[in-house]
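Descriptive structure summary
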There are 2 protein chains.
Amino acid sequence: MRVGWVVVMTVLVMASTTAEQQTQALRLMPWPESVKEVAGSGQLLIQNSFSVSLSGTDPRLRRTVAIFLDDLRRQTGSLPLDFAWAESGNGQLQVSVGHTSKEIQELGEDESYTLEVTSAAATLKAPTTLGAMRGLQTFLQLVRITPQGFALPAATIQDRPRFPWRGLMIDSGRHFMPIEVIKRNLDGMAAVKLNVFHWHLSENQGFRVESRRFPKLQEMGSDGWYYTQDQIREIVSYARDRGIRVVPEFDMPGHSTAWFVGYPDLASGPGPYSIERKWGVFDPAMDPTRESTYKFLDEFIGEMAQLFPDKFFHIGGDEVNGKEWDANPKIQQFMRAHSLKSNADLQAYFNTRIQKIVEKHGKITEGWDEILRPDLPKTIVIQSWRGQQSLADAARQGYRGLLSSGYYLDLMNSTAQHYVVDPFTGPTASLSDADKEKILGGEACMWAEYVSPENVDSRIWPRMAAIAERLWSPQSTTDLNSMYTRMEEISRWLNAYGLTHSSARTLMLQRIAGGEDISALETLVDAVEPVKGYSREALAPSQPTSLTPLNRIVDAAPPESLEARLLSGLVDALVSGKIKPGMEAELRATFASWRDNDIHFRALAANSALIQEALPLSHDLSALGAAGLEALDYLDRGEKSPQPWKSQQLALTQAAIQPRAQLILVVAAPLQKLIQASAGEPPTELALPKNAQ
Amino acid sequence: MRVGWVVVMTVLVMASTTAEQQTQALRLMPWPESVKEVAGSGQLLIQNSFSVSLSGTDPRLRRTVAIFLDDLRRQTGSLPLDFAWAESGNGQLQVSVGHTSKEIQELGEDESYTLEVTSAAATLKAPTTLGAMRGLQTFLQLVRITPQGFALPAATIQDRPRFPWRGLMIDSGRHFMPIEVIKRNLDGMAAVKLNVFHWHLSENQGFRVESRRFPKLQEMGSDGWYYTQDQIREIVSYARDRGIRVVPEFDMPGHSTAWFVGYPDLASGPGPYSIERKWGVFDPAMDPTRESTYKFLDEFIGEMAQLFPDKFFHIGGDEVNGKEWDANPKIQQFMRAHSLKSNADLQAYFNTRIQKIVEKHGKITEGWDEILRPDLPKTIVIQSWRGQQSLADAARQGYRGLLSSGYYLDLMNSTAQHYVVDPFTGPTASLSDADKEKILGGEACMWAEYVSPENVDSRIWPRMAAIAERLWSPQSTTDLNSMYTRMEEISRWLNAYGLTHSSARTLMLQRIAGGEDISALETLVDAVEPVKGYSREALAPSQPTSLTPLNRIVDAAPPESLEARLLSGLVDALVSGKIKPGMEAELRATFASWRDNDIHFRALAANSALIQEALPLSHDLSALGAAGLEALDYLDRGEKSPQPWKSQQLALTQAAIQPRAQLILVVAAPLQKLIQASAGEPPTELALPKNAQ
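Bear in mind the structure is a predicted one, so any value in this text is a computation, not a measurement.

All names here are of chain B. Tracing the backbone through its elements, the reader meets Arg 134 in helix 3 (residues 129-142). A residue is classified by how much of its surface remains accessible, and Arg 134, at 1% relative accessible area, is buried. Ignoring sequence-local partners within four residues, the contact set of Arg 134 consists of Gln 105, Glu 111, Tyr 113, Arg 166, Lys 193, Leu 194, Asn 195, Arg 242, Gly 243 and Trp 472.

Our next topic: the interface of chain B and chain A. With 45 residues of chain B at the contact, the number on the chain A side is 45 residues. Of all residues in chain B, the largest losses of buried area upon contact with chain A belong to Leu79(B), Leu81(B) and Arg492(B), amounting jointly to 19% of the total for that side. In this assembly, chain B and chain A are joined by two salt bridges. Note that Arg492(B) and Glu516(A) form a salt bridge whose closest N and O atoms lie 2.9 Å from each other. Linking chain B to chain A there are 14 residue pairs in polar contact (both at pLDDT 80 or more). Among the elements of the structure, helix 2 (59-76), strand 8 (144-146), strand 9 (149-153), helix 18 (503-513) and helix 25 (609-612) of chain B are those that each provide at least two residues to the side of chain B that touches chain A. Looking at which element gives the most residues to the side of chain B that touches chain A, the answer is helix 18 of chain B, with five residues.

Quick look at the packing of helix 27 (residues 643-656) of chain A against helix 28 (residues 668-678) of chain A now. Residue and element names in this part refer to chain A. One can describe the packing of helix 27 onto helix 28 by two numbers: an axis separation of 9 Å at closest approach and a directional angle of 170°. The angle between helix 27 and helix 28 falls in the class roughly antiparallel. In this structure, helix 27 uses Trp 645, Lys 646, Gln 649, Leu 650, Thr 653, Gln 654 and Ala 656 to contact helix 28, whose residues at the interface are Ala 668, Leu 671, Gln 672, Ile 675, Gln 676 and Ser 678.

Quick look at the environment of Ala327(A) now. Tracing the sequence through the fold places Ala327(A) in helix 9 (residues 323-327). Linking Ala327(A) and Ala191(A), residues 136 residues apart in sequence, is a C-alpha distance of 50 Å.

Moving on: helix 17 (residues 480-494) of chain B. All names here are of chain B. The terminal C-alpha atoms of helix 17, which comprises 15 residues, lie 20 Å apart, in line with the 21 Å expected from a rise of 1.5 Å per residue. In terms of burial, helix 17 is largely enclosed, as 12 of its 15 residues are buried. Among the residues of helix 17, Leu 480, Ser 482, Met 483, Tyr 484, Arg 486, Met 487, Glu 489, Ile 490, Ser 491, Arg 492, Trp 493 and Leu 494 are the ones counted as buried. Two to three positions downstream of the cap, the backbone nitrogen of Asn 481 sits 3.1 Å from a side-chain oxygen, assigning the N-cap of helix 17 to Asp 479.

One finds Phe68(A), Phe250(A) and Trp259(A) to be the most contacted residues of the largest nonpolar core, which totals 191 residues. No other element matches helix 26 (residues 615-637) of chain B, which puts eight residues into this core.

After a rotation of 180° and a shift along the axis of 0.0 Å, chain B superposes on chain A with an RMSD of 0.0 Å. On this basis, the relationship between the two copies can be described by a two-fold rotation axis. Considering only C-alpha atoms, the residue of chain B closest to the rotation axis is Ser503(B), which sits at 3.6 Å. Most of the interface of chain B is mirrored in chain A, where 100% of its interface residues again form contacts.

This next bit is on the environment of Arg511(A). Structurally, Arg511(A) is set in helix 18 (residues 503-513). In sequence terms Arg511(A) and Thr684(A) are 173 residues apart; their C-alpha atoms lie 39 Å from each other. Ignoring anything within four residues of it in the chain, the contact list for Arg511(A) reads Glu454(A), Asn551(A), Arg74(B), Gln75(B), Thr76(B), Gly77(B), Ile145(B) and Phe150(B).

Residue and element names in this part refer to chain A. One way to put it is that helix 22 (residues 562-575) packs onto helix 23 (residues 583-595) with a least axis distance of 10 Å and a crossing angle of 130°. Considering their axes alone, helix 22 and helix 23 lie oblique with respect to each other. Between helix 22 and helix 23 lies a crossing whose hand is left-handed. Of helix 23, the residues touching helix 22 (which contributes Leu 566, Leu 567, Leu 570, Val 571, Ala 573 and Leu 574) are Met 583, Glu 586, Leu 587, Thr 590, Phe 591 and Trp 594.

This next bit is on unusual backbone geometry. Residues and elements named next belong to chain B. A cis geometry characterises the amide bond from Met 29 onward to Pro 30, with omega recorded as 0°. By secondary structure assignment, the location of Pro 30 is in the loop between helix 1 (19-22) and strand 1 (34-37). Phi at Ser 339 takes a positive value of approximately 55°, unusual for a residue other than glycine. Structurally, the position occupied by Ser 339 is in the loop between helix 10 (329-337) and helix 11 (343-360).

Residue and element names in this part refer to chain B. With mixed pairing, the seven strands of this open sheet are ordered in space as 1-10-6-7-5-3-4. Bordering the open sheet on either side are strand 1 and strand 4 (84-85), each of which pairs with just one other strand. Pairing of strand 3 (residues 51-55) with strand 5 (residues 93-99), which is carried by four bridges, proceeds in the parallel orientation. Within strand 5, the position partnered with Ser 53 by the bridge is Gln 94. Packed on one face of the sheet, helix 2 meets strand 3, strand 4 and strand 5 and runs near 165° to strand 3. Across the sheet, helix 3 is in contact with strand 5, strand 6 (113-117), strand 7 (122-128) and strand 10 (155-159); its angle to strand 7 comes to roughly 150°.

All names here are of chain A. By the definition in use, this model includes 90 salt bridges over all chains. Its salt-bridge partner being Asp 230, residue Arg 233 comes within 3.2 Å of it at the nearest N-O pair. Placement of the pair is Arg 233 and Asp 230 together in helix 6 (residues 229-240), with a separation of three residues, close to one helical turn. With its nearest N and O atoms 3.2 Å apart, the salt bridge here joins Arg 505 to Asp 526. Of this pair, Arg 505 sits in helix 18 while Asp 526 sits in helix 19 (residues 519-527), and the two are 21 residues apart along the sequence. Relative accessible area serves as the criterion here: at 17%, Arg 505 is assigned to the buried category.

A few words now on the packing of aromatic side chains. Evaluation of the coordinates by the stated rule reveals 56 aromatic pairs over all chains. The interplanar angle of 80° and the centroid separation of 5.1 Å between the aromatic rings of Trp165(A) and Phe312(A) together place this pair among those described as edge-to-face. You can see Trp165(A) sitting in strand 11 (residues 165-171) and its partner Phe312(A) sitting in strand 16 (residues 312-314), a full 147 residues away along the chain. With respect to class, Trp165(A) is no different from Phe312(A); both count as buried. Linked through ring pairs, Phe207(A), Phe250(A), Trp259(A), Phe300(A), Phe308(A) and Phe313(A) together constitute an aromatic cluster. Sitting over the face of the ring of Trp165(A), Arg245(A) holds its NZ or CZ atom 4.4 Å from the ring centroid. Above the plane of the ring of Tyr263(B) lies Lys216(B), whose end atom (NZ or CZ) is 5.2 Å from the centre.

Definitions and limits used
Residues numbered from 1 in each chain as written. Chains lettered and ligands numbered in written order. Predicted model: local features only at pLDDT ≥ 70, side-chain atom pairs only at ≥ 80, totals over all residues. Heavy atoms only, no water. Helix = DSSP H or I, 4+ residues; strand = E, 2+ residues; numbered from the N terminus. Buried < 20%, exposed > 50% of the residue type's maximum accessible area, 1.4 Å probe, protein only. Contact = heavy atoms within 4.5 Å. Buried area = accessible area lost by both parts, 1.4 Å probe. Salt bridge = Lys/Arg side-chain N within 4 Å of Asp/Glu carboxyl O. Polar contact = N/O pair within 3.5 Å; in protein donor to acceptor, adjacent residues only side chain to side chain. Axes fitted to C-alpha atoms, helices over the stretch in contact; angles between N-to-C directions. Parallel < 35°, antiparallel > 145°, perpendicular 65-115°, else oblique. Expected span 1.5 Å × (residues − 1). Core = buried A, V, L, I, M, F, W, Y, C linked by side-chain atoms within 4.5 Å. Least-squares fit on C-alpha atoms with pLDDT ≥ 70 in both. Left-handed = near helix turned anticlockwise from the far one by under 90°. Pairing = 2+ DSSP bridges. Phe/Tyr/Trp six-rings, centres within 6.5 Å; stacked < 30°, edge-to-face > 60°. Lys NZ or Arg CZ within 6 Å of the ring centre and 35° of its normal.

Structure representation (structure tokens):
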């Protein structure tokens, strides 16, 4: 389920004032349906005497508030004994819930809430415990340090989600992610009101769950890296306490090499099989023609259906290349005997059988686009990696669907690129209201070829918060500047949950540099981004595998350079004549720091093999800094830069944007505009080279 | 067990070249007994193909090496599947162990090892698995990034500890420390070759262990913050895998209010009792005159003796003020009837009874100085918070002892102050060799009035590494400059173990400032230290309790300002005429940054209640910066600064060193020297005010 991105260079638009901008001092993400802040009506102080009272007796609600109190303590640096429970109606925060939530969280439960904060108290009302959870996170987002101490501004917020399915998929198959990684990401999900954790648990590179019925799955298919059933239960319970459903995915009949190491009879080829170390789409696939396959899967799905209480069960179903089927005479014979004309027909046959097994065990089947065939019942859910067209097609045929196309976090796109993707744009926009109801929401996907437990947070966060906003907030919430402003604050706020998206970078860069002083390395890292899409593998110095260390600069660099974005904004303002005092000084300081950085960078590189590959980038950054300063000089003197100079500098930006060390010097783009402007030419966008997209 | 410190301002001595300096490029701490590095003999590269082979079949050794491989992966950013096991004798690291270690780790087991690294392979030989553990940490410390990749220099190291008992005590009684805090500190302990975790588990403010026999201990005495027995077993096992013994302490008969909440009959007063929230020495004490007390403690100690396998059992025994005993007529009558002339006699009677109970359950009694009375058997161990004199006295009477005086991490002293404390200086130096054998080593103590799970690492680390060196390395290892240089590197290396001593500071300062840009706050924090000794409570704005948040600047500031130390060195060099090119420029840049910082600091303070208290410090820092620049001007011009100017500036330093916000602007001390030098006067040390010591 891989897509190619048309890279859209984000243009900063100075939009008209929006609701988010008006109250942009509020650090809220996803932005609520309605926020009313009354200026001058004071604030609610959070002191040591802070207390919470509850109405309602749902034990899950009490646990929810206990978790909230822990979050509040961490956020304010208070201690385990601060903050207390109060008698009903007496708390500074009064939580009331209409009715208890379902024993097993269901799709479509009411998640709305109303939060009213005055200088005396806060009132949180919700029809369900789930709504209270969402409101408590809004409360936490409102708390900040003020001249009087920690406080929330007086405000009234009414809120409800736009879509009932708002998910994050983490791929534990390609690189195993330990329990603590999953837990902290569940914390982050709850913080931005996501409600589905889609857990990709089997892959060619590893089978990651303990099966007691078929223990060779994990014993021979995981290199010892798998979750015990106790750990699975722990995660399911942890997620439930945070209002998150856990949907397991066991990919079949393809993406299944790791199953076959212990159980080769399941496969369509002769075997033997070993755990795959490379990345890509591979030949091994289950044999859909043998009854023993279905017997195995019936028992296996039965066991997993018990372990994962959620109503939905994801069977994958993507990317079967059919080569093992083509090569197996018995399978060919079976196809002829059953009038199955293509491998797609054979897979549909398989899916029909599997769907019945899943249903028999009380679950609803979910799968990637490929499983959609009219012979499957209308209950199934399609997760689309192909885009809105296939979602629209599915909805018109009566199938429910989820959008994941445009939300692939591994492709290293900018937050803006993800943020503009909406389940209801393009082909889905014209659906009838009834068909639109079938679009349940979306899921971001964290495929794990190039992430480790150390840097996975930095690929998910903070971009995930913007996708969460897309799926929760009204469709009209689209202001990019407001989004970026709030996302930076939310990113910092998420640190209190133990997410490592910010902190890991420093540790990784210190390891790379072998010392404390990483400023020269940081100057470069701030100016680059990893190559995009699926270009990393193609640009790799040698064939990457699941054993390749992920400890290089490209692994420490964030997917989006916020510094480059800032610089673009400054250059655009300068070029369009909107320069404000100090802007040029900031540009000059930045360019000078680049120009002077290379000597320090080279000193670091002399001590570290991990820095050397970026030497050409550092050299170019230095040249870009010098070019920027010269361009500013021409502009300041009101003098057009001469043609030869301009050509030479544009050649430099063209060279600088070429990928090296699997990194792109993205600041070359605003530099091109500045150089063009200095020559009196209209600025144009510098496209990423095709091989880096 | 509290001591007052005579603050010794550390004087930087340019010592003659030492062994540590000669090989100071090696990041080793504790410094080994013997290190031979042959220049030009190459290095051992750590590549993906790195493998380890073992000789010996101790399952603990195999686990040890598995943990080592995980550490190596984290340190190099490699993945769970990198690095492998090799057939015996074929590994790039070959580990051989003489014999398996004891089932339950014992005091005095051989911890020596020999590590030989060549460009082809490394060989680690040790008589025991414990020695192999120590050698593996040395191996990890040697690994660093080089121009060729991660590598170790060719070297031969022979090593053994100076003392058999090298510990860290963590007080989980006053502030509860969750399991993950304990685990990461055990990792840190193993990394610097410590071998005893002394766990202070009961206090007036909390009883922290689940007792199944007496469940009201934790149910009523812990506010819900206690370790389950499963968690205790998990920690004991985790520690064992890292070569660390776990010695529990249950403080009795004093420091025991939390016991009495659930079991008031144990106490000497009428009750009822509630969990203590204040800090200090309190009246409640167990009733040593009732048989029911001993029956209870017999059953309790029996239960705990099962839970904690170590041979030693710490009964505390410190700081009984005797007031409840004085006020209880039955106790007075008992004392008369048994000819107990003082409360000390009564406590000795209690200790004798308890010691027999501890012995009955197979354990050796350990306690603080106060328990030492000649009627106790010679098996007991005295932990001295009073100093070398009481250790020497105990040893002469035939008792074994440990030094903790001088190693109290809560007192906020400099690393140098801890480093110069040696179990064999002063009164112990003149002991006979046989008596010296009775000094087992020492323990650092992390008392927890002013630490939370968030900042406790920053109080323990990196200073603990220097104390670990004192207890492991030869007594002659005393070079302060070498120690500080290596400690800074080890501090960074310890980040890979997940210790938060560095990372928590940024998160805490961002919380205090309420934003990303904390540079003005960092400039101040770099120049201050928390007040020392026991002055924090006296200087508190209001009575501190266990509920007081620990989220202020004083809680984020490290115990020792390494920037102040650096500055002192520069000023000393300048004043003594040893100035090198660039030194003055560095001083000028620092002073200018202070001078210009206040305006930014005030802008931060306008938004945050947590910054306001430090405004006077920021003002003074600014003034010190200006004074420093002027002093340099006088020195540069070869002109004596005028008397009135000098007097005014010295008054400033005197004012600046006064504690505010429980912080000391320690950089005032080198500034005084500079000002004096500018006036042609001999520089003198600026003493800390008495109320901040």
